[in-house]
Amino acid sequence: MTQLGLPETIQACLFDLDGVVTRTAVVHAAAWKETFDAFLREREGDGFRPFDAKGDYDEYVDGRPRADGVRTFLASRGIELPEGHPDDPPDAPTVNGVGNRKNALVLEKIRTEGVEAYDGTLRYIDAVRAHGLRTAIVSSSANTRDVLRSIRADHLFDVRIDGVVAAERGLPGKPRPDTFLAAARDLGVEPARAAVFEDALAGMDAGRSGHFGYVVGVDRVGQTDALYTHGADRVVKDLAELGGGA
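Cut-offs and rules
- Residues numbered from 1 in each chain as written.
- Predicted model: local features only at pLDDT ≥ 70, side-chain atom pairs only at ≥ 80, totals over all residues.
- Heavy atoms only, no water.
- Helix = DSSP H or I, 4+ residues; strand = E, 2+ residues; numbered from the N terminus.
- Rg over C-alpha atoms; globule rule 2.2 N^0.38 Å.
- Buried < 20%, exposed > 50% of the residue type's maximum accessible area, 1.4 Å probe, protein only.
- Contact = heavy atoms within 4.5 Å.
- Lys, Arg positive; Asp, Glu negative; His and termini not counted.
- Charge placed at Lys NZ, Arg CZ, Asp CG, Glu CD.
- Axes fitted to C-alpha atoms, helices over the stretch in contact; angles between N-to-C directions.
- Parallel < 35°, antiparallel > 145°, perpendicular 65-115°, else oblique.
- Left-handed = near helix turned anticlockwise from the far one by under 90°.
- Expected span 1.5 Å × (residues − 1).
- Pairing = 2+ DSSP bridges.
- Right-handed = clockwise from strand over helix to strand, strands pointing away.
- Polar contact = N/O pair within 3.5 Å; in protein donor to acceptor, adjacent residues only side chain to side chain.

Describing the overall build of the chain
Alright, step 1. On a plain count of helices and strands, the chain comes out with 10 helices and 6 strands.
Alright, step 2. Here the C-alpha radius of gyration of the chain, 18 Å, is about what a compact globule of 246 residues would show, namely 18 Å.
Alright, step 3. For the chain, the residues scored as buried account for 54% of the 246 residues in total.
Alright, step 4. Taking as baseline every contact in the chain between residues at least 6 positions apart, the subset at least 24 positions apart corresponds to 61%.
Alright, step 5. In the chain, the 30 positive side-chain charges and the 40 negative ones have mean positions that sit 2 Å from each other.

Some remarks on the packing of helix α3 (residues 66-76) against helix α4 (residues 95-113)
Alright, step 1. Axis separation between α3 and α4 bottoms out at 9 Å; the angle between their running directions is 115 degrees. Relative to α4, the element α3 is oriented roughly perpendicular. Remark: the crossing between α3 and α4 carries right-handed chirality. Residues Arg-66, Ala-67, Val-70 and Arg-71 of α3 touch α4, and the partners they reach there are Val-95, Val-98, Gly-99, Asn-100, Lys-102 and Asn-103.

Focus: helix α5 (residues 119-130)
Alright, step 1. Across its 12 residues, α5 extends 17 Å between first and last C-alpha, which sits within 8% of the 16 Å expected from 1.5 Å per residue.
Alright, step 2. Among all positions of α5, only Gly-120, Thr-121, Leu-122, Tyr-124, Ile-125, Ala-127 and Val-128 are buried.

Focus on the environment of Arg-169
Alright, step 1. Relative to the assigned elements, Arg-169 resides in helix α7 (residues 163-169).
Alright, step 2. Judged by relative accessible area, which is 43%, Arg-169 ranks as partly exposed.
Alright, step 3. Setting aside chain neighbours within four positions, we find Arg-169 in contact with Ile-161, Ala-182 and Asp-186.

Looking at unusual backbone geometry
Alright, step 1. With an omega of 15 degrees, the peptide bond running from Lys-174 to Pro-175 counts as cis.
Alright, step 2. Topologically, Pro-175 is positioned in the loop between α7 and α8 (178-187).
Alright, step 3. A positive phi angle, close to 55 degrees, is found at Arg-152, a residue other than glycine.
Alright, step 4. Checked against the element boundaries, Arg-152 lands in the loop between α6 (144-150) and β3 (159-161).
Alright, step 5. Here Arg-152 falls in the exposed class, since its relative accessible area comes to 69%.
Alright, step 6. Positive phi, normally seen in glycine, also occurs at His-211, with a value near 55 degrees.
Alright, step 7. With respect to the helices, strands and loops of the structure, His-211 is situated in the loop between α9 (201-209) and β5 (214-218).
Alright, step 8. Here His-211 falls in the exposed class, since its relative accessible area comes to 62%.

Overview of the pairing of β5
Alright, step 1. Among the 5 residues of β5, 5 are classified as buried, and the element is accordingly described as predominantly covered.
Alright, step 2. Going residue by residue along β5, you find Tyr-214, Val-216 and Val-218 tucked away on one face and Val-215 and Gly-217 tucked away on the opposite face as well.
Alright, step 3. Bridge analysis of strand β4 (residues 194-198) against β5 gives 4 bridges, and the strand direction is parallel. Counterpart to Glu-198 in the pairing with β5 is Gly-217.
Alright, step 4. Between β4 and its parallel partner β5, the chain crosses via α9, and the hand of that crossover is right-handed.

Some points on the side chain of Asp-56
Alright, step 1. Among the structural elements, Asp-56 can be located in helix α2 (residues 55-61).
Alright, step 2. Among the polar contacts made by the side chain of Asp-56, one reaches the side chain of Arg-77 at a distance of 3.4 Å.
Alright, step 3. Those residues in contact with Asp-56, other than ones at most four positions away along the chain, are Pro-50, Phe-51, Val-61, Phe-73 and Arg-77.

Overview of the sheet that holds strand β6 (residues 234-236)
Alright, step 1. Pairing is parallel in the open sheet, where 6 strands are placed in the order β3-β2-β1-β4-β5-β6. Either end of the sheet is taken by a strand with one partner, and the two such strands are β3 and β6. Neighbouring strand axes in the sheet, compared pairwise and without regard to direction, differ in orientation by 20 degrees on average.
Alright, step 2. The sheet strands contacting α8 are β1 (12-15), β2 (134-138), β3 and β4, and the helix crosses β2 at an angle near 150 degrees.

Put into structure tokens, the structure is as follows:
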């Protein structure tokens with residue numbers, strides 16, 4: 001293993017955004033809960049079963065593209081909605097409408113509460129780049145560019161594959177490996193020579209199925225065992241644990 005805590009063969013590092021680089025996973029979880037609880041209350045009345053911001057979030061939503069998260073969670077409750085259109089209003093009873101309601105809440109929370117970065121991650125990325133490895137940000141969020149600019153971190157990544165780029169290229173999201181594979185391809189490295197850094201179970205699945213050279217799970221919420229079960233080669237609570245002077 002190198003000073004970075006990675007196999008000698010690794011030439012590039014692919015980082016998820018929410019929960020790995022930024023402290024926005026909790027913001028997303030809160031926005032999903034507010035969105036789904038309002039939807040379920042409208043549909044089923046006050047006796048509805050609320051969205052679990054831990055179990056339901058980890059199992060059905062975390063790491064997935066927005067529309068996939070809507071479909072997957074509602075399917076778990078036996079609910080199917082029409083797809084609608086990407087510009088559906090937030091109160092539309094469609095997959096896109098529910099997703100747009102959640103996105104509006106996230107943007108409002110980010111505007112009012114701001115975005116914080118994990119300092120250990122930023123120091124680790126600096127160390128990775130100082131050692132000559134290339135870097136990419138890989139996120140299902142369509143707000144990735146704005147979030148990176150808000151924490152002055154957009155210069156830390158050679159490639160960005162996010163919700164916007166995925167839509168333009170027709171790439172399916174996590175747990176499929178396509179966005180990570182696209183990042184490796186854009187960096188000019190084989191998947192076997194790239195490391196994936198993820199906090200979501202769907203991201204672990206993507207790293208495993210994409211046959212990447214090393215998959216690091218970042219455990220921010222006490223799910224170490226689940227991260228290993230879903231394909232992590234190593235799990236840390238902070239990337240500073242990997243070394244590199246981070």
